[in-house]
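# Examining the three-dimensional arrangement
For reference, the chains in residue letters:
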Amino acid sequence: MEMTHVGHLDGKTAVVTGGSSGIGLAAAVRLADEGAYVFVTGRREAELEAAVKTIGSDRATGVTGDISKLADLDRLYDEVRARGKGLDVLVANAAVGTFVTLEQTTEEHFDQTFGVNTRGTLFTVQKALPLLNDGASIILTGSTAADRGMEAFGAYAASKAAVRSFARTWSTELKSRGIRVNVVSPAWIETPGGTAAFGDEETARAMKEHVAATVAKGRMGRPEEAAAVVAFLASEQSSYVVGSNLYVDGGENQT
Ligand SMILES: NC(=O)c1ccc[n+]([C@@H]2O[C@H](COP(=O)([O-])OP(=O)(O)OC[C@H]3O[C@@H](n4cnc5c(N)ncnc54)[C@H](OP(=O)(O)O)[C@@H]3O)[C@@H](O)[C@H]2O)c1
């Protein structure tokens with residue numbers, strides 16, 4: 001007997017910001033595998049085109065843009081609107097992060113970090129509101145850094161603590177529409193961005209050794225492992241999970 005695959009997101013429309021790399025790309029692939037049509041964004045055109053090929057050009061559209069620019073967000077949602085099915089899943093995932101101590105922090109560093117991670121996330125969600133269907137799911141990518149005091153990660157950690165807080169407020173504000181807002185907080189997921197944050201290869205290798213020695217799982221995480229949690233939060237399987245924060249950190253903040 002032939003089995004028909006029934007996806008948890010059949011017929012749904014999704015947006016994944018920062019869907020051209022790492023966790024966002026893995027999430028976009030997984031949402032598409034679950035049956036969703038996915039719009040992915042990122043600033044670099046070539047990476048975005050490659051991502052659409054990876055996801056499958058019959059089930060994804062790439063829209064280049066910077067989430068810290070409101071006009072770019074308008075362009076993104078114009079494309080989603082043109083599809084005519086509203087929006088069921090929004091993964092506000094794009095972010096930047098570099099290591100700068102308090103003493104070294106410049107206005108530019110602060111403004112860029114908060115401009116993308118916090119302000120950009122807020123307007124990514126605000127501008128989606130008219131398109132979101134009742135019962136939609138919004139997933140914000142946080143970070144374990146928000147709960148920790150990692151040296152030279154202050155602006156990034158604070159920008160992600162704000163994101164975690166947004167999920168609580170927005171869950172209350174959107175409850176009458178049945179829209180759920182949750183956070184996925186990863187750590188040590190092996191992605192191009194994650195590796196680049198550690199600068200040279202030597203430091204990246206030292207960090208891997210540190211992870212192997214200190215994190216309960218004893219290894220780095222795979223983008224697909226974060227994507228699985230995004231897919232869970234995106235679907236009705238998580239229908240009673242609201243305003244929550246799910247860690248995908250190999251146990252880092254939990255053990
Ligand atoms: N990897 C980890 O272990 C880890 C841990 C904690 C939290 N996170 C969070 O997980 C998310 C994804 O990170 P990742 O590790 O997968 O990083 P990544 O591989 O660098 O991917 C980041 C994605 O975001 C896009 N992006 C960055 N700035 C953008 C902007 N201003 N506007 C639009 N798109 C933008 C990038 O494309 P362009 O550069 O082309 O714009 C890329 O597609 C981020 O929110 C990050 O803070 C990751």
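Residues numbered from 1 in each chain as written. Predicted model: local features only at pLDDT ≥ 70, side-chain atom pairs only at ≥ 80, totals over all residues. Heavy atoms only, no water.

## Things to note about the sheet that holds strand 6 (residues 180-186)
Remark on secondary structure: sheet strands pair via backbone hydrogen bonds, oriented parallel or antiparallel. Reading across from one edge, 3-2-1-4-5-6-7 is the order of the seven strands in this open sheet, with parallel pairing throughout. For this open sheet the edge positions go to strand 3 (60-64) and strand 7 (245-248), each flanked by a neighbour on one side alone. Sheet twist, expressed as the average angle between the axes of neighbouring strands with direction ignored, equals 20°. Summarising the sheet, strand 1 (residues 13-16) and strand 2 (residues 37-42) pair through four bridges and their orientation is parallel. By the bridge assignment, V15 is partnered in strand 2 with F39. The strands touched by helix 4 (residues 107-126) within the sheet are strand 4 (87-92) and strand 5 (132-141), with strand 4 carrying the most contacts at an inclination of about 175°. (Pairing = 2+ DSSP bridges. Helix = DSSP H or I, 4+ residues; strand = E, 2+ residues; numbered from the N terminus. Axes fitted to C-alpha atoms, helices over the stretch in contact; angles between N-to-C directions. Contact = heavy atoms within 4.5 Å.)

## Some details on the site of the ligand
Taken together, 29 residues sit near the ligand, with S21, R43, R44, Y156 and T191 positioned nearest. Within the complex, 91% of the 880 Å² of free accessible area of the ligand lies under protein. Of all elements in the fold, only helix 1 (22-33), helix 5 (154-173) and helix 6 (192-197) reach the threshold of two or more residues within the shell around the ligand. For the shell around the ligand, the leading source of residues is helix 6, giving three residues. Of the residues that constitute the shell around the ligand, the class distribution is twelve nonpolar, 13 polar and four charged. (Near = heavy atom within 4 Å. Areas by Shrake-Rupley, 256 points an atom, 1.4 Å probe, with all protein chains shown as cover. Nonpolar A, V, L, I, M, F, W, Y, C, P; charged D, E, K, R; others polar.)

## Comments concerning the pattern of salt bridges
Tallied over the entire structure, the rule returns eleven salt bridges. E190 is paired through a salt bridge with K208; the nearest N and O atoms lie 2.5 Å apart. Here E190, found in the loop between strand 6 and helix 6, pairs with K208, found in helix 7 (residues 201-214); they are 18 residues apart in sequence, far enough to count as distant. By relative accessible area, K208 is classed as partly exposed at 39%. As a salt-bridge pair, E225 and R222 come within 3.5 Å of each other at their nearest N and O atoms. (Salt bridge = Lys/Arg side-chain N within 4 Å of Asp/Glu carboxyl O. Buried < 20%, exposed > 50% of the residue type's maximum accessible area, 1.4 Å probe, protein only.)

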